[in-house]
There are 2 protein chains.
Amino acid sequence: MAATESRQITLSESPSGKLLTSNFSLETGPMPVPGDGELLIRVLYISIDAANRAWMQGRTYRDQVLPGTKMAGGALGEVIVSNSPDFAPGDIVEADMGWCDHVALPASQVQKRKQRGPLTHLQSILGITGKTAYFGLLQIGNPHAGETVVVSAAAGAVGSVVGQLAKSRGARVVGIAGSDKKCAWLTDDLGFDAAINYNTEPVMKALKCDAPDGVDVFFDNVGGDIFEGVLFRMNTHGRIVCCGAVSQYDTDTPTHGPRGVPGLIVTKRLKVEGFIVTDFHDQFAKAEAELAGFAAQGSIKVAEDIVEGLENAPQALVGLLSGENFGKRLVHVADPQS
Amino acid sequence: MAATESRQITLSESPSGKLLTSNFSLETGPMPVPGDGELLIRVLYISIDAANRAWMQGRTYRDQVLPGTKMAGGALGEVIVSNSPDFAPGDIVEADMGWCDHVALPASQVQKRKQRGPLTHLQSILGITGKTAYFGLLQIGNPHAGETVVVSAAAGAVGSVVGQLAKSRGARVVGIAGSDKKCAWLTDDLGFDAAINYNTEPVMKALKCDAPDGVDVFFDNVGGDIFEGVLFRMNTHGRIVCCGAVSQYDTDTPTHGPRGVPGLIVTKRLKVEGFIVTDFHDQFAKAEAELAGFAAQGSIKVAEDIVEGLENAPQALVGLLSGENFGKRLVHVADPQS
């Protein structure tokens, strides 16, 4: 029997300081009805990303998520009803579905996805985070064999792929992460050359030993003190890929910027470049094909961290912001039924 | 009769906080004697640059200037004696001659200069600062017609050229400077569209009015709060050309970096790039020819601020750091005699 109700998670109040699960509420309402040109979608997996928290702070590359509205989030779903000639029931699709179990969306806001390997790969290695690693590292950082690449939030969804891609380019790879267990995972399981636990050693000092020839490419997901520590170890003509600033997201009061900006950018002639993966939209198909090949060959290990149940999405995000995930965190809402 | 003595200015002690003229001493010694392969040079004009102060803080792109040694500085001179087949007496040459009236240098450290227009142009529009403006703006910032360019330290040697070059590209140009007199000079004499006195108005707020469409290219010589103020007004895919950080030079304790780094670099997909003009060495001849053409046509007004006498070089630098110069500051030491 088809469900007649659907559930969604609302951002009931703006976080004051650190995000709490009590900032969210689970609500039940009638099953959405797709209008003309719309699809009714069963949500399968919701992507949990540090950027979700930044969306609550104000306008970024998208509108702010305001209190009293459904929490936004990219998700993978299955079309149940299609009022569009371009989609059929059973299609696997991606969209900003938000945190819910069913959603009706205009077909124009929905992308069809082609399954390659496990379904979850569409949101990890073949998803936004895998492609973010791919374009940011290969097109902006562009490391050469023998260069040293440092990546922050190295055990996260993006960082874990960045490090493995950099290894495949022949670079020396140093990861920065928040626990000894993550550091051991990076070196022992993912093949990083070294890993630094920023909670137990100052990054700038540790890099003296772990990046003895200096840093040529820094792929940064974190900002703040870690950015500053690596900046001071950059080589002349080094590249800093600015992918995120997670150290500044879960707070009301983002701190000042790193010392050495812009002084060291001048004297070391650095190139510091920000990007959003959607800027590379026209190259997505090629990237996915290449990443799927790496995953199938095993030259990239796909790390996924799956939390069960829509109701646990708030805790999944709060936990991610405190650094508990290894690799790509997803919330499993339902399995496809066709 | 040829002089038998020469004078030089020594950095007698490292500045503690702001640079003072008492950190220098004027010394007289015997006329230097050029060895094999060396030249004896009469110093004509010494270039005074904010970077001179940064050299006292530690290693930059050159060795630190240590207390007890002759103050370093680029200069224009005339060869008096040549022990090198590549130079002849009367040649006009450029080198890091330091603050002195005569110097003996190996020919390998000296570049011959071809005079185009007034002699002083070789150190202003055709010198390091003019070429810094040229390469930084045109090759890194690369503004298009209709874009908005903001330049800090706009009344300085680099900034005054940057703004005029940007106007010639068809951009809207906003200068940031430290006095109403400078601002009036920028708009009334140099043709800037607007100018902001950072001592009387907050930069971020003033840009709302003076750069109503946001900022596409920011050519920054200053760093610190001005960098931060402009950063918040950058447009998506904007370019920040990092040329200097003069706000951080005349101090023992450089401050923290700008807020919004790296967060805004990500969300606005900015490209922030540092450079040193000597990286473009192989294109100097072309740049000088083009800049000489602009100066001859009058499409760039060459602003020079000439201080008389070697003994006044310390005050010339101290004054430059407090922002008293309009355009390129030089110390006139002697005239050519051939």
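Everything numeric in this text was worked out from a predicted model, so none of it was measured. (Residues numbered from 1 in each chain as written. Chains lettered and ligands numbered in written order. Predicted model: local features only at pLDDT ≥ 70, side-chain atom pairs only at ≥ 80, totals over all residues. Heavy atoms only, no water.)

**Some remarks on the overall build of chain A**
Working step 1: Each helix and strand counted, chain A has 9 helices and 16 strands in total.
Working step 2: In summary, chain A has a C-alpha radius of gyration of 20 Å against a globular reference of 20 Å for 338 residues, a match within 12%.
Working step 3: When its C-alpha atoms are laid out on the principal axes, chain A stretches across 65 × 45 × 35 Å.
Working step 4: When burial is assessed residue by residue, chain A has 58% of its 338 residues classed as buried.
Working step 5: Of the contacts made within chain A by residues no fewer than 6 positions apart, 67% connect residues no fewer than 24 positions apart.
Working step 6: Surface exposure of chain A reaches about 13,300 Å², of which carbon and sulfur atoms provide 50%.
Working step 7: The centroid of the 29 positive side-chain charges in chain A is displaced by 7 Å from the centroid of its 38 negative side-chain charges. (Helix = DSSP H or I, 4+ residues; strand = E, 2+ residues; numbered from the N terminus. Rg over C-alpha atoms; globule rule 2.2 N^0.38 Å. Buried < 20%, exposed > 50% of the residue type's maximum accessible area, 1.4 Å probe, protein only. Contact = heavy atoms within 4.5 Å. Areas by Shrake-Rupley, 256 points an atom, 1.4 Å probe, with all protein chains shown as cover. Lys, Arg positive; Asp, Glu negative; His and termini not counted. Charge placed at Lys NZ, Arg CZ, Asp CG, Glu CD.)

**Some points on the interface of chain A and chain B**
How big an interface is tends to be stated in terms of accessible area lost as the parts join.
Working step 1: Each partner contributes to the interface: chain A provides 31 residues, whereas chain B provides 31 residues.
Working step 2: Looking at the side of chain A facing chain B, the largest losses of area belong to P262(A), V266(A) and R269(A), adding up to 23% of the total buried there.
Working step 3: Taken together, chain A and chain B are joined by 2 salt bridges.
Working step 4: Put simply, D279(B) and R269(A) hold a salt bridge, and the shortest N to O gap is 2.8 Å.
Working step 5: Summed over the shared surface of chain A and chain B, the result is 8 residue pairs in polar contact (both at pLDDT 80 or more). (Buried area = accessible area lost by both parts, 1.4 Å probe. Salt bridge = Lys/Arg side-chain N within 4 Å of Asp/Glu carboxyl O. Polar contact = N/O pair within 3.5 Å; in protein donor to acceptor, adjacent residues only side chain to side chain.)

**Section: the domain arrangement of chain A**
Residue and element names in this part refer to chain A.
Working step 1: Looking at chain A, the domain boundaries give domain 1 (5-124 + 303-332) and domain 2 (129-278).
Working step 2: Facing 23 residues of domain 1, the contacting portion of domain 2 comprises 18 residues.
Working step 3: With both chains or domains summed, domain 1 and domain 2 bury close to 1,500 Å², and 56% of this area falls on carbon and sulfur atoms.
Working step 4: With a closest N to O distance of 4.0 Å, D250 and K18 form a salt bridge.
Working step 5: For the interface between domain 1 and domain 2, the tally reads 9 residue pairs in polar contact (both at pLDDT 80 or more).
Working step 6: With 3 residues, helix 1 (residues 51-54) is the single largest residue contributor to the side of domain 1 that touches domain 2.
Working step 7: Of the residues in the side of domain 1 that touches domain 2, the class split is 9 nonpolar, 8 polar and 6 charged. (Domains from an automatic or database assignment. Nonpolar A, V, L, I, M, F, W, Y, C, P; charged D, E, K, R; others polar.)

**Considerations on the packing of aromatic side chains**
Working step 1: Using the criterion set out here, one finds 16 aromatic pairs over all chains in the structure.
Working step 2: Among the aromatic residues, those joined into a cluster by ring pairs are Y134(A), F135(A), F219(A), F275(A), F280(A) and F284(A).
Working step 3: Taking NZ or CZ as reference, R62(B) lies 4.5 Å from the ring centre of W55(B), over its face.
Working step 4: Directly above the aromatic system of F87(B) lies the positively charged group of K112(B), at a separation of 5.2 Å from the ring centroid. (Phe/Tyr/Trp six-rings, centres within 6.5 Å; stacked < 30°, edge-to-face > 60°. Lys NZ or Arg CZ within 6 Å of the ring centre and 35° of its normal.)

**Details of the side chain of N325(A)**
Residues and elements named next belong to chain A.
Working step 1: By the secondary structure assignment, N325 is in the loop between helix 9 (313-321) and strand 16 (328-332).
Working step 2: At 2.9 Å, the side chain of N325 forms a polar contact with the backbone oxygen of G327.
Working step 3: Those residues within four positions of N325 in sequence are excluded, and the remaining contacts are A155, G156, K182, D305 and L320.

**Brief notes about the side chain of E38(B)**
Residue and element names in this part refer to chain B.
Working step 1: Following the sequence through the fold, E38 ends up in strand 3 (residues 38-47).
Working step 2: One buried charged side chain, E38, makes no salt bridge at all; its nearest oppositely charged neighbour is K70, positioned 11 Å away.
Working step 3: A polar contact is formed between the side chain of E38 and the backbone nitrogen of G35, at a distance of 2.9 Å.
Working step 4: Other than its neighbours up to four places away in sequence, E38 contacts V33, V81, S82, N83, S84, A104, L105, P106 and A107.

**Quick look at the relation of the copies chain A and chain B**
Working step 1: With an axial shift of 0.0 Å and an RMSD of 0.0 Å, the rotation relating chain A to chain B amounts to 180°. Taken together, the rotation and translation describe the operation of a two-fold axis.
Working step 2: When you check the interface residues of chain A against chain B, 100% turn up at the interface there too, and the contact is symmetric in its surfaces. (Least-squares fit on C-alpha atoms with pLDDT ≥ 70 in both.)

**Overview of the sheet that holds strand 2 (residues 24-30) of chain B**
Residues and elements named next belong to chain B.
Working step 1: The sheet built from 3 strands is open, its strands ordered 2-1-4 with antiparallel pairing. Each edge of the open sheet carries a strand with a single partner, namely strand 2 and strand 4 (69-70).
Working step 2: In this structure, strand 1 (residues 5-11) lies alongside strand 2, joined through 7 bridges in antiparallel fashion. Counterpart to L11 in the pairing with strand 2 is F24. (Pairing = 2+ DSSP bridges.)

**Description of the nonpolar core**
Working step 1: One finds V230(A) and V230(B) to be the most contacted residues of the largest nonpolar core, which totals 52 residues.
Working step 2: Aside from chain neighbours lying at most four places away, what touches V230(A) is V150(A), I176(A), V203(A), L207(A), V215(A) and F218(A). (Core = buried A, V, L, I, M, F, W, Y, C linked by side-chain atoms within 4.5 Å.)

**With respect to the packing of helix 2 (residues 128-141) of chain B against helix 8 (residues 284-297) of chain B**
Residues and elements named next belong to chain B.
Working step 1: Axis separation between helix 2 and helix 8 bottoms out at 10 Å; the angle between their running directions is 100°. Taken together, the axis directions place helix 2 and helix 8 in an arrangement best described as roughly perpendicular. On helix 8, the residues touching G130, K131, Y134 and F135 of helix 2 are F284, K286, A287, E288, E290 and L291.
Working step 2: In terms of residue class, the contact of helix 2 with helix 8 is made up of 5 nonpolar, 1 polar and 4 charged. (Axes fitted to C-alpha atoms, helices over the stretch in contact; angles between N-to-C directions. Parallel < 35°, antiparallel > 145°, perpendicular 65-115°, else oblique.)

**Remarks on the sheet that holds strand 1 (residues 5-11) of chain A**
Working step 1: Strands sit in the order 2-1-4 (chain A) across an open sheet of 3 strands; the sheet is antiparallel. Across the chains shown, the open sheet's two edge strands, defined by having one partner strand only, are strand 2 (24-30) and strand 4 (69-70) of chain A.

**Let's talk about the pairing of strand 5 (residues 74-82) of chain A**
Residue and element names in this part refer to chain A.
Working step 1: Of the strand pairs in this sheet, strand 3 (residues 38-47) and strand 5 are connected by 7 bridges, and their pairing is antiparallel. When the sheet's bridge partners are listed, I46 is paired in strand 5 with A75.
Working step 2: In the sheet, strand 5 pairs with strand 6 (residues 92-96) via 5 bridges, with the strands oriented antiparallel. Pairing of L76 across the sheet is with E94, part of strand 6.

**Digging into the environment of V81(B)**
All names here are of chain B.
Working step 1: For V81, the location among the structural elements is in strand 5 (residues 74-82).
Working step 2: Using a relative accessible area of 33% as the deciding quantity, one classes V81 as partly exposed.
Working step 3: With near-sequence residues (within four places) excluded, V81 lies in contact with P34, E38, L39 and L40.

**Observations concerning unusual backbone geometry**
Working step 1: P262(A) follows V261(A) through a cis peptide bond whose omega is 5°.
Working step 2: Mapping P262(A) onto the fold places it in the loop between strand 13 (234-242) and helix 7 (263-267).
Working step 3: Non-glycine residue N142(A) carries a positive phi angle of around 45°.
Working step 4: Within the element layout of this structure, N142(A) appears in the loop between helix 2 (128-141) and strand 9 (148-152).
Working step 5: One non-glycine residue, A153(B), lies in positive phi territory at about 50°.
Working step 6: With respect to the element layout, A153(B) can be found in the loop between strand 9 (148-152) and helix 3 (157-168).

**So, the pattern of salt bridges**
Side-chain pairing between opposite charges can occur once the charged atoms of the two side chains come close.
Working step 1: Tallied over the entire structure, the rule returns 38 salt bridges over all chains.
Working step 2: Note that E147(A) and R239(A) form a salt bridge whose closest N and O atoms lie 2.8 Å from each other. Of this pair, E147(A) sits in the loop between helix 2 and strand 9 while R239(A) is found in strand 13, placing the two residues 92 residues apart along the sequence. Comparing E147(A) with R239(A), the two get one shared label, buried.
Working step 3: Of the charged contacts in the structure, one is a salt bridge between R113(B) and E288(B), with a shortest N-O distance of 3.2 Å. Placement of the pair is R113(B) in the loop between strand 8 (111-112) and helix 2 and E288(B) in helix 8, with a sequence separation of 175 residues.
Working step 4: When its relative accessible area of 9% is taken as the criterion, R113(B) is described as buried.
Working step 5: By sharing partners, the salt bridges in this structure join E94(A), R113(A), K131(A) and E288(A) into a single network.

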